[in-house]
There are 2 protein chains.
Amino acid sequence: MADIDHFIDGARLWARHEALATFGATPAGGVDRPALSRAEIDARAQLMTWAAAIGLQPSTDDIANLFLRLPGRDPDLPPVLVGSHIDSQPTGGKYDGVYGVLAGLECLEAIVAAGAKPRRSIELVCWTNEEGSRFAPGMMGSAAFAGKRRLEDILAVRDADGVTVAGALRAVRAAENALAHRPLGGTPAAYVEAHIEQGPILDMRSIPIGVVTGIQGKRTFRVRIVGEENHAGTSPRSARKDALMDSVRIVSALRDTFADPDDIVRFTVGMFTVRPNAPSVVPSEVEFSIDLRHPDTSALARLGDQVAPICKANSLTCEAEIRELIHDPPLEFPGPLREKIRLAAAARGLGHMEIPSGAGHDARYLHYICPTAMIFIPCWKGISHNENERITPADALAGARVLATLVLGLAGE
Amino acid sequence: MADIDHFIDGARLWARHEALATFGATPAGGVDRPALSRAEIDARAQLMTWAAAIGLQPSTDDIANLFLRLPGRDPDLPPVLVGSHIDSQPTGGKYDGVYGVLAGLECLEAIVAAGAKPRRSIELVCWTNEEGSRFAPGMMGSAAFAGKRRLEDILAVRDADGVTVAGALRAVRAAENALAHRPLGGTPAAYVEAHIEQGPILDMRSIPIGVVTGIQGKRTFRVRIVGEENHAGTSPRSARKDALMDSVRIVSALRDTFADPDDIVRFTVGMFTVRPNAPSVVPSEVEFSIDLRHPDTSALARLGDQVAPICKANSLTCEAEIRELIHDPPLEFPGPLREKIRLAAAARGLGHMEIPSGAGHDARYLHYICPTAMIFIPCWKGISHNENERITPADALAGARVLATLVLGLAGE
């Protein structure tokens, strides 16, 4: 067991999850903390308060990523980044993203308390808008940081109320006007992200540490079906341009096409918005999302390429508009970092296993610019993006200890 | 041509449609005037201003139906009612409902101007919440007036924002605090409603007057499919309780079951609301409406009885809750009143034809308590419940003239 373990405080780590969950708390015990919202601004202020108490240096960039820096002995070396995000789904849980940030903070607090003086600086980072539910697509902050999306494009994205990212950022900046500004981007020495698995495997097998092998590929689409509004009682079926009926036909056809006996394909229509959405009016418009994921590059390409033709072939009476938002191929994290996680777990006698990530994470974009690793801890029944998301204090502590060893090793003790 | 025709002012009738359309006007040229909303309150005030100028006596009842009374020579006799509604669909047109109210007002104005002294009182009425898009189901005011729905049940209905009918009524009463109150219900001598056809037949055949034979039967349902929220990237299909996929399967099965080569069945899913409605979250809940109509009593019963079994059989992973909101059998308006409409049209050389109503109307509920008739005028291409709803000034004038003859005849010249 490493010395740093004595300074990782499991009770403090747990209490901070509860404290952060008060920002955007929902009656059902979950969290509704949209990116760049008042609730997120308040949660960031809480994080900065904790960070200030141990002397971390806060700063932010053009996309409101938040950095909390522990300067190294050689502050000019590229830093090690550790973190995740604190925005949530509309009915999200307390741990998705938050665990990676608070476990990272716990590592820094332990390093400071232990009197360790790492060679490289270590920066705790909260990436902006990982979830993508307010502003689509997600992983906005890490994509901008890694130069994988243009800032101008991101700033123009609107939420459901018509607010742009640029507008929402102004509100964040106004609230954080004393915060130091830094240029967007950088060349970190490494990036490490701890996260709840968001799947059932570690929980099912009672294994506390997942050594993440990589992230499956993802393609997302936005489909708009445009028909004609009409009266439900009078307009004959043959005269209708019913956007809902065409959309139902499309979703059925996609479901049949993506049916997979091995249950590896992930196909989700999570958003489906009908206009005018009145019981006695034939719908004139439906907009829906398609989220398609697969760990194999060529399978993902082949399946995703069928989306547009299927939408068009099944729009029998309406017009179909299909936009592809994201095409991220599968990726694999470097073996040497995975080996470090394995060793850190083994040294503590913690059960561990290699596991692919079904979900996307900010680590995807960091992987393009620096050696990147992820550590998973179990989440109850794999339930996530849900107010009922749960983890155990013991797993949270175990993950933070492994994370601390990894971060310290990368920063140079 | 009847003498009253000289006093029906087509230009005034047209101008009032334009004036009333300013209350809740949409940028696309339609109307968004929900029941019991500020826009409807303001439109009612405008109506009362016009009515006051010709001496009509305003009053309202417990459900905010608005009455504008022209006293008869024998004011104790049951009155003749004429009217319709002025609430609209969220993206409705200028004529649905409004035409029946303004044509009725034009009749009363013509009767006053002509110096006619009818034996019975004539009451112009605006029924509350015919559309049912804010508070479901619709025809709330006429159903309460006819004693077909209990006031207590109606008052508890909530809109999408959680506002109850009772609460919305308080706002109307506060705005109309000088308005006389009358008991709910009554026993009219007759009820006459003019309306746009909302179907293509009169327009297609260039016939200005439809003698409405009756109203097709209607059954409406609200279906709630409850599954489990989960992460789109991680949860395998086999472990999902995907409320959207089950709902799509249900709607497909209903569509196939209700497929009708004769195109007489009217089957519509107009409302379909997904929660949490986020692209990367497996939907936990869908609520959707079913609107099913047929002119034949037994066919309607047989088709509607399949709704619940189909919903349950196709909820493969979720729970299905089905509530039937309305079961209104088809109805036929009395022959003698239809004959009067025919004669009034023929006397003016106006083309006319018998026509069933595909849409429901307040006349449905009045039919249960007094002799009831409806007059249709054409609407362009049958397009209704749509901002692009259109009629012609000539048809509007023709309908008002026929209506005036009918109303005067029923009131006793």
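Residues numbered from 1 in each chain as written. Chains lettered and ligands numbered in written order. Predicted model: local features only at pLDDT ≥ 70, side-chain atom pairs only at ≥ 80, totals over all residues.

### Comments concerning the overall build of chain A
The helix and strand tally for chain A stands at 13 helices and 17 strands. Taking 2.2 N^0.38 as the reference for a compact globule, 413 residues should give roughly 22 Å; the C-alpha atoms of chain A span a radius of gyration of 22 Å, in line with that estimate. C-alpha extents for chain A along the principal axes are approximately 80 × 50 × 40 Å. Residue burial in chain A is summarised as follows: out of 413 residues, 56% are buried. For chain A, long-range pairs separated by at least 24 residues make up 79% of all intrachain contacts whose partners lie at least 6 apart in sequence. (Helix = DSSP H or I, 4+ residues; strand = E, 2+ residues; numbered from the N terminus. Rg over C-alpha atoms; globule rule 2.2 N^0.38 Å. Buried ≥ 20, exposed ≤ 12 C-beta atoms within 10 Å, placed from the backbone. Contact = placed C-beta atoms within 7 Å.)

### Some thoughts on helix H8 (residues 243–257) of chain A
Taking 1.5 Å of rise per residue, 15 residues should cover 21 Å, and H8 of chain A covers 21 Å from first to last C-alpha, within 8% of that figure. Looking at H8 of chain A, one finds that the buried residues are Ala243, Leu244, Met245, Asp246, Ser247, Val248, Arg249, Ile250, Val251 and Leu254 of chain A. (Expected span 1.5 Å × (residues − 1).)

### Let's talk about the relation of the copies chain B and chain A
Taken as rigid bodies, chain B and chain A are interconverted by a rotation of 179 degrees and an axial shift of 0.1 Å, the fit giving an RMSD of 0.1 Å. The superposition of one copy onto the other is thereby described by a two-fold rotation axis. If distances are taken from each C-alpha of chain B to the rotation axis, the shortest is found for Val248 of chain B, at 2.8 Å. The residues that chain B uses at the interface reappear at the interface of chain A in 100% of cases, marking a shared surface. (Least-squares fit on C-alpha atoms with pLDDT ≥ 70 in both.)

### As for the interface of chain B and chain A
Often, the extent of an interface is quoted as the loss of accessible area on bringing the components together. Contact residues are listed per partner, giving 54 residues for chain B and 55 residues for chain A. Breaking the side of chain B that touches chain A down by element, the ones donating at least two residues are strand S8 (217–226), strand S9 (230–231), helix H8 (243–257), strand S10 (266–268), strand S11 (272–275), strand S12 (281–282) and strand S13 (285–294) of chain B. Here the side of chain B that touches chain A gets six residues from one element, more than from any other, and that element is H8 of chain B. Of the residues contributing to the side of chain B that touches chain A, the split by class is 20 nonpolar, 26 polar and eight charged. (Nonpolar A, V, L, I, M, F, W, Y, C, P; charged D, E, K, R; others polar.)

### Considerations on helix H3 (residues 98–114) of chain A
In an α-helix, one turn spans 3.6 residues; hence positions three or four apart end up facing the same way. All names here are of chain A. With 17 residues, H3 should cover 24 Å at 1.5 Å per step; its first-to-last C-alpha distance of 24 Å lies within 8% of that length. Of all 17 residues that make up H3, 14 are buried, and the element is covered over most of its length. Positive phi shows up at Gly115, right after H3, with a value of about 75 degrees.

### Some thoughts on the pairing of strand S4 (residues 122–126) of chain B
All names here are of chain B. Among the five residues of S4, five are classified as buried, and the element is accordingly described as predominantly covered. Bridge analysis of strand S3 (residues 80–84) against S4 gives five bridges, and the strand direction is parallel. Directly across from Ser84, in S4, lies its bridge partner Cys126. A crossover links S3 with its parallel partner S4, the connecting element being helix H3 (residues 98–114), and its sense is right-handed. (Pairing = 2+ DSSP bridges. Right-handed = clockwise from strand over helix to strand, strands pointing away.)

### Examining the domain arrangement of chain A
All names here are of chain A. The domain boundaries assigned to chain A delineate domain 1 (3–216 + 330–411) and domain 2 (217–328). The straight-line distance from the C-alpha centre of domain 1 to that of domain 2 is 33 Å. Counting residues at the interface gives eight residues for domain 1 and 13 residues for domain 2. Partitioned by chemical class, the residues of the side of domain 1 that touches domain 2 number four nonpolar, three polar and one charged. (Domains from an automatic or database assignment.)

### As for the pairing of S3 of chain B
Successive side chains on a regular strand alternate, one facing one side of the sheet and the next facing the other. Residue and element names in this part refer to chain B. Counting buried residues in S3 gives five out of five residues, a clear majority hidden from the surface. Where burial is concerned, the two faces of S3 agree: the one with Val80, Val82 and Ser84 and the one with Leu81 and Gly83 are both buried. Alignment of S3 against strand S6 (residues 190–196), held across three bridges, turns out to be parallel. Opposite Leu81, over in S6, you have Tyr191 as the bridge partner.

### What about the confidence of the model for chain A?
Per-residue confidence for chain A averages 96 on the pLDDT scale, and 100% of its residues sit at or above 70. The ipTM assigned to the predicted complex is 0.77, against a pTM of 0.76. (pLDDT = per-residue confidence, 0-100.)

### Regarding the environment of Ser280 of chain B
All names here are of chain B. The topology assignment puts Ser280 in the loop between S11 and S12. Overall, the presence of 25 C-beta atoms within 10 Å leaves Ser280 in the buried class. For the pair Ser280 and Ala232, spaced 48 residues apart in the sequence, the C-alpha separation amounts to 4.9 Å.

### Topic: the packing of helix H1 (residues 10–20) of chain A against H3 of chain A
Residue and element names in this part refer to chain A. Following both chains from N to C, one finds H1 and H3 inclined at 135 degrees, their axes separated by 10 Å at the closest point. When the axes of H1 and H3 are compared, the pair comes out oblique. Judged by the sense of rotation from one axis to the other, the crossing of H1 with H3 is right-handed. Contacts between H1 and H3 pair Arg12, Leu13, Arg16, His17 and Leu20 from the former with Val98, Leu102, Ala103 and Glu106 from the latter. Among the residues making up the contact of H1 with H3, the classes are represented as five nonpolar, one polar and three charged. (Axes fitted to C-alpha atoms, helices over the stretch in contact; angles between N-to-C directions. Parallel < 35°, antiparallel > 145°, perpendicular 65-115°, else oblique. Left-handed = near helix turned anticlockwise from the far one by under 90°.)

### Some remarks on the packing of H1 of chain A against helix H13 (residues 393–411) of chain A
Each packed pair of helices is defined by two parameters, the angle between the axes and the distance between the axes. All names here are of chain A. Taken N-terminus to C-terminus, the directions of H1 and H13 make an angle of 110 degrees; their axes are 9 Å apart at the nearest point. Our classification of the angle between H1 and H13 gives roughly perpendicular. Relative to H13, the crossing made by H1 is right-handed. Touching Gly10, Leu13 and Trp14 of H1 are Pro393, Ala396, Leu397 and Ala400, all from H13. A per-class count over the contact of H1 with H13 returns six nonpolar, one polar and no charged.

### Notes on the environment of Thr164 of chain B
All names here are of chain B. Looking at the secondary structure, you find Thr164 in the loop between helix H5 (151–155) and helix H6 (165–175). Spatially, the C-alpha atom of Thr164 lies 31 Å from that of His294, the residues being 130 residues apart in sequence. If sequence neighbours within four positions are ignored, Thr164 has contacts with Leu155, Ala156, Val157 and Arg158.

### Describing unusual backbone geometry
Generally, phi is negative for residues other than glycine and the peptide bonds are trans, each holding for most cases. Note the cis peptide between Arg275 of chain A and Pro276 of chain A, where omega equals -5 degrees. Locating Pro276 of chain A in the fold gives a position in the loop between strand S11 (272–275) and strand S12 (281–282). We note that Asp263 of chain A has phi near 55 degrees; this positive angle belongs to a residue other than glycine. Of note, the phi angle at Asn129 of chain B is positive, near 50 degrees, even though the residue is not glycine. Tracing the chain through its elements places Asn129 of chain B in the loop between S4 and helix H4 (140–145). Judged by local crowding, Asn129 of chain B falls into the buried class, with 30 C-beta atoms found within 10 Å.

### Topic: the environment of Leu108 of chain A
Residues and elements named next belong to chain A. Take Leu108: it is sitting in helix H3. Measuring from C-alpha to C-alpha, the distance between Leu108 and Gln57 comes to 12 Å, with 51 residues separating the pair along the chain. Ignoring sequence-local partners within four residues, the contact set of Leu108 consists of Ile54, Leu56, Leu70, Ile122 and Leu124.

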